[in-house]
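A look at the structure
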Amino acid sequence: MNAYDYWSIFQGSFATVGVSLTGILVGLPLGLGLALLRWARIPVSRQIAYLYVSIIRSCPAVTLVMLIYFGAPQLGVSLSPLVAAMITMAVTASAFSCEIWRSALLSFDRQQYDAALAFGMPRFTRVWRIVLPQVWRSSLPGLINETTMLVKSSPAIAVIGMVEITRAAQRVGARTYDPLPPLMVGLVLYVVIIFALVRLQGRLERSGKNPEPAI
Amino acid sequence: MSLDNFILVWQQYPEILEAFGNTLMLIGIAGSVSMLLGIFLTPLLMSRRKAVSLSVTVYCESMRCMPFLLFVYMIYFGLPSAGIQLSNWTTGVVALILYNAAYMAIFLKGAWKDIPTETIEAGRAYGFHGLKLFRRVIMPLMLMRATPMIGNQWVQIVKDSAFLGIIAVTELTAAMNAIQATYFIPFASFLSAVLLYWLISLVIEFFTTLFTRYAEVRRT
Amino acid sequence: MNVMENSQPTSTDNATKRVLQLQGISKAFADNQVLKDVSLDVNRGEVLCLIGASGCGKSTLLRCINWLETPDSGHVILNGQRFGVHKSGVKMRDGDLASMRSRVGMVFQHFALWPHLSVIDNIMASPVHVQCRDKQQVREEAVALLEKVGLADKAGMFPSSLSGGQKQRVGIARALAMKPELLLFDEPTSALDPMLVGEVLGVIRDLADEGATMVIVTHEMEFARQVANQVIFMSEGRIAESGAPDDFFGAPKTDKAQQFLARFHQHLESRSTAAPESSIS
C-alpha cells in the first residue's frame, strides 16, 4: 500500500462522517417530533408514526438505501447518490431516535409537567423549557449509541455508488491483491470515529451536569 | 407506482420464495448458533483467569467497533489467505455468527452481573459449583433477564443478512434487486422486500413478548 | 419428624456430640480486621445464638462456617472433618468444598430463593442435582416439608408471588431438604415486616424443639432468650461474653454486654410505647 492508497481510504471517511452527521442532524429532531406526536397522543398521526418507526427499525440499511435511490425516480424525483444516502441515514436516525426520545419522555416525571401547567405556562414553553432539557440529558447515552450504530450501517451506501471507508478499503485491496491491510486501515478509522463519539458523550454529559438556570 | 408493478413483482414468486427461504435459513442458523456461542463466551468473559477474560474481551470489543460489512470482507478475503476455502454462503453464516455472538456475550455478561449476589451465593451454599451452578442457577436467570436484548439482536441479524448480498449470497434484497433491474419496477420490488423484513421482525417480536411474559413471574 | 437424620459424626473423637468447632478464626477485609481469633463449639441438638451490634462480625463469622468467606487463619471442623482444607493440608477444590457445603443448610437474610424455580423446585433443587438423590423420594419429602412450614398449597407457585415471611419459610424448608448436619441462620427475620416475623420464628422454634443443631445470628433478643442453649455476644470481632441465655440476659458480666442490653431494653420500651408488640407469637 502506498501513500495514495492510505489517502483514498481516508477520503472515504468524509463520506462516512458527512452522511452520518447529516443523518443525525436531520434525523434526531425528526425523531423527537415523532416521539412528541406519540406522547401527546394525537390520533391518526400517532398510529402512522408507530407504523413508520416499526417498519424502518426492522429494515436493513441496504434495502432502504436502494428503495430510496432507485424508487424515487418512479415517484418523479431524481436523487443523486449523496442525497439519497443522506435521506436514508436521516430516515433511519429518525426512527431509532424516536424510540429513545419516547422512553425518556415516558419516564419523565409527570409532576413537573403538572407543576408547569399549574403555573399557567403555555404549551410550547412547557415542552421547550421544562421537558426537553431533562429528556435530552437522559436520552444522551441512547442517542450516542444510536449514532454509533448508524455509522456502522453506513457501508450500505456503497451499493448506490458512494465510496465510504469500507468500499474504499475494499477497492484498494482489489487493486493491490492484498485485501487485509487496507481493511485494517479502515478498521482503525472506524475505531477513531467511534472513540470520538464516546468522548463527545462524556463531554456532553459533564456539561449537562451544570445546567444554566432557565431564566 | 401502480398495483400492476406489485403484481409483476409477486409473479416472480419462485425466485422470491427461494431468496426469502434462504434469508430465513441464514437468520435461523446465525441467530441460534450465535446465541449458543454467546452463552459459551459469557463465562469466559467473567473468568478470573486474566488471559482468558482479556482475550475474549478484545474479541468482543473489536466486533463492537467495526461495521458488519467490514468484518464480512475480513472473513471473505482473510480465510482464503489462511488456506480455508468456504462458499460465499458459509462465509456469510460464519461472519453473522462470529459478529453477533460477541454482542450477545456482552449483554449476557451485563445480565449476569445484574443477578442479585445472594441468589448465586445461595447456589454455592447449597453445593452448586462450576458447570452445575452455571447451568441450573446463572444461565436461566441470565437468559430471562436478557430476553428483550436477545430479541433485539435477532432483529439486528435480520438486517445484517442484507449485507451478504454484496458477497453474492442469495438473499432477499439481492433477489429483489435482480427483479427490479429486469422489469424496471424498483419501488414495488424494494417496498415488498421492506414489508417482508418487517414481517420477520414482527414474528421475532411476538416470540420475544412470549418469552418475556414467561420470564416475568420468574423474576426476583 | 426428625429433621437431622444425617447428624452422624464421622469421627470417633472423645467429643462425638460436637457437631461444629471453630478454632481461632480470623478474617480481615482490606484494612479492617473483622474477626479476631474467634473460637466456639456447638454440640448436637444445641442452638447457638450469635448477637451483637451491627458490624461486630457475627454475620461474617457465620459465613466462615460454610466457607462462603474464607478465614485468613483458623479451622472450621464439621463433625470431625475440616472445612475447606483436606487432612493433608491441601486446599479443597470447588467440588469437595461444594459437597461439604451440602452438609450444611443455610437460611439467608434476604431469602435468596431461586426466582426462576417454583417453590417445590427450589426445595428439590439441591437434593436432586447436588446430592443426586432419587427424585420421587425427594419430592415426597419436599411436600412433607412444605406442610411442616405451613405452605403446602404454594408448591407450584413462584417466589415472586410470595410474601417475605412465606419466602423465608420456603428458605427454611429448602435448608431442611438437604438433611443437613447443621443449620445456619443469617438474621432470618431482619428483612421481614414486623407482622411476618412471628410466623418464621415459630418455625425455627419448632425446629429447636425437635433437636436441630443450629447457629442463629439474630437481633430478636426475646427469641434468642427463649430458644438458645448458648448465647455468644460479639463486639469488634471478638467474643465479648458467652453463656446460657438466662445468665447472659439476666446478669450480663461484661460492660459491653451490659451497655448493649441496656440499649436494647431502651429500644424495646420506645417501640412498645409507639406500637403494639407483634414480633413474638
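Residues numbered from 1 in each chain as written. Chains lettered and ligands numbered in written order. Predicted model: local features only at pLDDT ≥ 70, side-chain atom pairs only at ≥ 80, totals over all residues.

**Here we look at the overall build of chain A**
Test applied: The helix and strand labels rest on DSSP assignments: H or I over at least four residues marks a helix, E over at least two residues marks a strand, and numbering proceeds from the N terminus. Residues are called buried when their C-beta atom has 20 or more other C-beta atoms within 10 Å, exposed when it has 12 or fewer, and partly exposed otherwise; all C-beta atoms are positioned from the backbone. Two residues qualify as a contact pair if the distance between their C-beta atoms, derived from the backbone, is within 7 Å.
Assigned secondary structure in chain A consists of eight helices and zero strands. Going from N to C terminus, chain A has its helices and strands arranged as α-α-α-α-α-α-α-α. Each principal axis of the C-alpha distribution contributes one length, and for chain A these read about 70 × 45 × 25 Å. The buried share among the 215 residues of chain A stands at 40%. Across chain A, contacts joining residues at least 24 apart in sequence account for 77% of those joining residues at least 6 apart.

**Some thoughts on the overall build of chain B**
For chain B, the count of helices and strands is 10 helices and zero strands. When its helices and strands are written in sequence order, chain B yields α-α-α-α-α-α-α-α-α-α. For chain B, the C-alpha atoms occupy an extent of roughly 70 × 45 × 25 Å along the three principal directions.

**A few points about the interface of chain C and chain B**
Put simply, the rule reads: When residues are sorted by character, Ala, Val, Leu, Ile, Met, Phe, Trp, Tyr, Cys and Pro go into the nonpolar class, Asp, Glu, Lys and Arg into the charged class, and all the rest, Gly among them, into the polar class.
On the chain B side, the residues contacting the 22 residues of chain C number 21 residues. Looking at the side of chain C that touches chain B, the elements that each hand over two or more residues are helix H2 (94–101) and helix H3 (119–129) of chain C. Considering every element that reaches the side of chain C that touches chain B, the biggest residue donor is H2 of chain C, with five residues. Along the lines of polarity and charge, the residues of the side of chain C that touches chain B split into 11 nonpolar, nine polar and two charged.

**Remarks on the confidence of the model for chain B**
Stated precisely, the cut-off is as follows: You can read pLDDT as the predictor saying how much it trusts each residue, on a scale of 0 to 100.
Averaged over every residue, the pLDDT of chain B is 93; the share at 70 or more is 100%. Scored as a complex, the prediction yields pTM 0.88 and ipTM 0.92.

**Here we look at the arrangement of the chains**
Where the two pairs of chains in contact are concerned, the greatest contact count is recorded for chains A and B. Separating chain A from chain C is a minimum C-alpha gap of 24 Å, and the two share no contact.

**Observations regarding unusual backbone geometry**
Residues and elements named next belong to chain C. Here the phi dihedral of Trp67 falls at roughly 65 degrees; this positive angle occurs in a residue that is not glycine. Positionally, Trp67 belongs in the loop between helix H1 (58–65) and strand S4 (73–78). We classify Trp67 as buried; it has 21 C-beta atoms within 10 Å. Phi at Cys132 takes a positive value of approximately 55 degrees, unusual for a residue other than glycine. Tracing the backbone through its elements, the reader meets Cys132 in the loop between H3 and helix H4 (135–148).

**Digging into the pairing of strand S3 (residues 47–51) of chain C**
All names here are of chain C. To be explicit about the condition: The criterion for strand pairing is that DSSP finds at least two bridges linking the strands in question.
Burial analysis of S3 places five of its five residues in the buried class, the great majority of the element. Of the two faces of S3, the one lined by Val47, Cys49 and Ile51 and the one lined by Leu48 and Leu50 are each fully buried. Sheet analysis places S3 next to strand S8 (residues 214–217), joined by four bridges and oriented parallel. Residue pairing across strands places Val47 opposite Met214, the latter belonging to S8.

**So, the interface of chain A and chain B**
Listed as interface residues are 28 residues of chain A and, on the opposing side, 31 residues of chain B. Where the side of chain A that touches chain B is concerned, the elements lending two or more residues are helix H3 (61–71), helix H7 (165–176) and helix H8 (180–208) of chain A. Looking at the side of chain A that touches chain B residue by residue, the class counts come to 18 nonpolar, nine polar and one charged.

**Some thoughts on H1 of chain C**
Residues and elements named next belong to chain C. Within H1, seven of the eight residues are buried, which leaves the element mostly enclosed by the surrounding structure. For H1, the complete set of buried residues consists of Lys58, Thr60, Leu61, Leu62, Arg63, Cys64 and Ile65. Looking one or two residues beyond H1, the residue adopting positive phi is Trp67, at roughly 65 degrees.

**Quick look at the sheet that holds strand S6 (residues 104–107) of chain C**
All names here are of chain C. Note the cut-off: Axis angles are defined between N-to-C directions and span 0 to 180 degrees, where every axis is a line fitted to C-alpha atoms and, for a helix, only to the segment in contact.
Pairing is mixed across the open sheet formed by six strands, whose spatial order is S6-S7-S8-S3-S9-S10. Bordering the open sheet on either side are S6 and strand S10 (238–243), each of which pairs with just one other strand. Taking each pair of neighbouring strands and ignoring which way they run, the sheet shows an average axis angle of 20 degrees. Strands in contact with H1 are S3, S6, strand S7 (182–186), S8 and strand S9 (230–235); relative to S8, the strand with the most contacts, it is inclined by about 150 degrees. Of the strands in this sheet, S6 and S7 touch helix H5 (residues 164–176), which is tilted by about 175 degrees from S6.

**Description of the pairing of S8 of chain C**
Residues and elements named next belong to chain C. Formally: Crossovers are marked right-handed if the path from the first strand over the helix to the second runs clockwise, as seen with the strands pointing away from the viewer.
The alternating pattern of S8 places Met214 and Ile216 and Val215 and Val217 on opposite faces, both of which are buried. Bridging between S7 and S8 involves four bridges; their strand directions are parallel. Along S8, the bridge assignment pairs Phe185 with Ile216. For the segment spanning S7, helix H6 (residues 194–209) and S8, crossover handedness is right-handed.

**Things to note about the nonpolar core**
Short version of the rule: Note on terminology: a nonpolar core is a set of buried residues of type Ala, Val, Leu, Ile, Met, Phe, Trp, Tyr or Cys, with members joined through C-beta atoms within 7 Å.
Core analysis: the largest hydrophobic core is formed by 202 residues, its most contacted members being Val65 of chain A, Val72 of chain B together with Leu50 and Leu184 of chain C. With 15 residues, helix H4 (residues 81–106) of chain A is the largest single contributor of residues to this core. For Val72 of chain B, the contacting residues outside a window of four places in its chain are Ala95, Phe163, Leu164 and Ile167 of chain B.

**As for the sheet that holds strand S5 (residues 81–82) of chain C**
All names here are of chain C. Reading across the sheet, the four strands line up as S2-S1-S4-S5 and stay open at both edges, with antiparallel pairing between neighbours. Strands with a single pairing partner mark the edges of an open sheet, and in this sheet they are strand S2 (32–43) and S5. Summarising the sheet, strand S1 (residues 18–29) and S4 pair through five bridges and their orientation is antiparallel. Across the sheet, residue Gln21 finds its bridge partner in S4, namely Ile77.

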